[in-house]
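As a plain string of letters, each chain reads:
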Amino acid sequence: MFYKADTRDHGLPHDPFKAIVAPRPIGWIGTRGADGGRNLGPYSFFNIVSDSPKIVMFSSSGYKHSARNAAETGVFTVNYVSADLMAAMNASSAAVPYGVDEFDLAGLTAAEGEMVDAPYVAEAKAVLECRVTQIIRPVGLDGREADAHMVLGQVVGIRIDDSVIQNGRFDVALARPVTRLGYMDYAEAGPLFELARPKVG
Ligand SMILES: Cc1cc2nc3c(=O)[nH]c(=O)nc-3n(C[C@H](O)[C@H](O)[C@H](O)COP(=O)(O)O)c2cc1C
């Protein structure tokens, strides 16, 4: 099948677009409001965009609390979503009013960042502490801004739970990341294998 993306003329019950760009890592974003309140929300429009300096981004469809707080305070944390935290991650995605603390809502322990004035999930296997570098409104072919707010931040601190370090590596099999697929689907990382990059010359 083929369909023109802007018409969404796919004839399927749901747009398959996000199921194609999958699996996506979930950035579980911890922020503080300008009023001091804590906020936590999952974002699968999340990834690394630069390795040196280390820059990550999450993108908010509409101006949600995480984007607003990051814009107002200039900092955020990214918390690792492992299989044991799946239910808490989902609970924190509830569309609750501004000011509701999703750490409390999800039964999580909030701890304070080492390098940034933002809360993180104490139970998380890994945490990236970030300072906002840019907030971008993506523009479509028609020149109009999408109602998307891409928050980029430089990672200034990295916390890892020692239990997932094995043989000198961050052991993904131990950390058990959960990824977002399309629709309401998720996946855990499958069996791991190594593949060396090709050598030229
Ligand atoms: C696994 C998962 C991934 C999500 N990814 C996104 C995303 O990338 N962008 C977005 O705007 N909302 C996303 N959502 C929905 C937000 O988490 C939800 O709207 C939440 O209430 C936002 O919280 P906040 O307003 O406190 O930032 C996702 C929800 C789930 C469960």
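Keep in mind that this is a model prediction, so the values were computed, not measured. Here the residue index of a chain counts from 1 through its sequence in written order. A pLDDT threshold of at least 70 governs which residues receive local features in this predicted model, and a stricter bar of 80 or more applies before side-chain atom pairs are shown or counted, although totals over entire chains, interfaces and linings include all residues. Computation of side-chain values: all heavy atoms of the structure, hydrogens and water removed.

Trainee: Got a sec to walk through the overall build of the protein chain? Specific residues and values, please.
Mentor: The secondary structure content of the protein chain amounts to five helices and 14 strands. Just to be clear, the radius of gyration here is over C-alpha atoms, and the globule rule we use is 2.2 Å times residues to the power 0.38. Radius of gyration (C-alpha) of the protein chain: 18 Å, near the 17 Å computed for a compact globule of 201 residues. With the C-alpha coordinates aligned to their principal axes, the bounding extent of the protein chain is approximately 50 × 50 × 35 Å. Counting only residues that meet the buried cut, the protein chain has 38% of its 201 residues in that class. The criterion used for residue contact is that any of the two residues' heavy atoms lie within 4.5 Å. Counted over contacts in the protein chain with a minimum sequence separation of 6, partners at least 24 positions apart contribute 59%. Values of accessible area rely on a 1.4 Å probe in the Shrake-Rupley scheme; residue burial ignores everything except the protein chains shown. Summed over its atoms, the accessible surface of the protein chain is roughly 11,900 Å², and 55% of this surface lies on carbon and sulfur atoms. Where the 19 positive side-chain charges of the protein chain centre and where its 24 negative ones centre are 5 Å apart. Only DSSP runs of H or I with at least four residues qualify as helices, and only runs of E with at least two residues qualify as strands; both kinds are numbered from the N terminus onward. Here's how the labels work: a residue is buried when its accessible area is under 20% of the maximum for its type, exposed when over 50%, partly exposed in between, all with a 1.4 Å probe on protein chains only. Under this rule, positive means Lys or Arg and negative means Asp or Glu; His and the chain ends count for nothing. The atoms used to mark charge sites are NZ of Lys, CZ of Arg, CG of Asp and CD of Glu.

Trainee: So what about the site of the ligand? Which residues, and what values?
Mentor: Residues in contact with the ligand amount to 18 residues; listed here are only the nearest, Asn39, Tyr43, Phe45, Ser61 and Ser66. Between an oxygen atom of the ligand and a side-chain N or O atom of serine 66, the distance comes to 2.5 Å. Polar contacts, as counted here, are pairs of nitrogen or oxygen atoms within 3.5 Å of one another; within protein the pair requires one atom able to donate a hydrogen and one able to accept it, and residues that are adjacent in sequence qualify only if both atoms are side-chain atoms. Here an oxygen atom of the ligand and a backbone polar atom of serine 93 are 3.1 Å apart. Relative to its unbound accessible surface of 640 Å², the ligand loses 87% to contact with the protein. Points on a 1 Å grid, built from protein atoms alone, make a cavity when a 1.4 Å probe fits but cannot get out and make a pocket when they are open with protein on both sides within 12 Å along at least 5 of 7 lines; residues with an atom within 4 Å of a point are the lining residues. Assignment of a molecule to a cavity or pocket requires that more than half of its atoms lie within 2 Å of the corresponding grid points. Mapping the ligand onto the cavity grids shows that it belongs to the largest pocket. Looking at the shell around the ligand, the elements that each hand over two or more residues are β3 (38–43), β5 (54–61) and α2 (65–73). Three classes are used, and their members are as follows: Ala, Val, Leu, Ile, Met, Phe, Trp, Tyr, Cys and Pro are nonpolar, Asp, Glu, Lys and Arg are charged, and the others, Gly among them, are polar. In the shell around the ligand, the residues fall into seven nonpolar, eight polar and three charged. We call a residue near a given molecule or strand whenever any one of its heavy atoms falls within 4 Å of it.

Trainee: Report on the pairing of β5, specifying residues and quantitative values.
Mentor: Within a regular strand, side chains alternate between the sheet's two faces. Of all eight residues in β5, six are buried; the element is thus mostly enclosed. In short, DSSP must find at least two bridges between two strands for them to pair. Bridge analysis of strand β4 (residues 46–51) against β5 gives five bridges, and the strand direction is antiparallel. Bridge assignment links isoleucine 48 to a residue of β5, and that residue is valine 56. Between β4 and β5, which pair antiparallel and follow one another directly, the connecting turn spans two residues.

Trainee: Lay out the environment of isoleucine 158 in plain terms, naming residues and giving numbers.
Mentor: Its location among the elements puts isoleucine 158 in strand β10 (residues 148–160). A C-alpha to C-alpha distance of 9.1 Å links isoleucine 158 and cysteine 130, two positions 28 residues apart in sequence. When neighbours within four sequence positions are excluded, isoleucine 158 is seen to be in contact with Lys54, Val127 and Leu128.

Trainee: Could you give an account of the sheet that holds strand β13 (residues 178–180), naming the residues involved and the relevant values?
Mentor: Reading across the sheet, the three strands line up as β1-β13-β14 and stay open at both edges, with antiparallel pairing between neighbours. At either end of the open sheet lies a strand with only one pairing partner, and these are β1 (24–25) and β14 (186–188). Looking at chain direction, β1 and β13 are connected through two bridges and run antiparallel. Directly across from proline 25, in β13, lies its bridge partner threonine 179.

Trainee: Tell me about the layout of surface pockets, and please be specific about residues and values.
Mentor: Once rolled over the atoms, a probe with the size of a water molecule shows which space is left empty. Grid points are joined across faces, edges and corners, and a volume is the space filled by probe spheres set on the points. The volume enclosed by the largest pocket comes to roughly 780 Å³. Along the walls of the largest pocket sit 32 residues, with Pro42, Tyr43, Ser44, Lys64 and Ser93 positioned nearest its centre. Within this model, the second largest pocket holds a volume of roughly 500 Å³. Forming the boundary of the second largest pocket are 24 residues, of which Phe46, Ile48, Val78, Tyr80 and Leu128 lie nearest the centre.

Trainee: I'd like a rundown of the side chain of asparagine 69, residues and numbers included.
Mentor: Relative to the assigned elements, asparagine 69 resides in helix α2. A distance of 3.2 Å separates the side chain of asparagine 69 from the side chain of tyrosine 98, its partner in a polar contact. Leaving out residues up to four positions away in the same chain, asparagine 69 has contacts with Thr31, Arg32, Gly33, Asn39, Gly74 and Tyr98.

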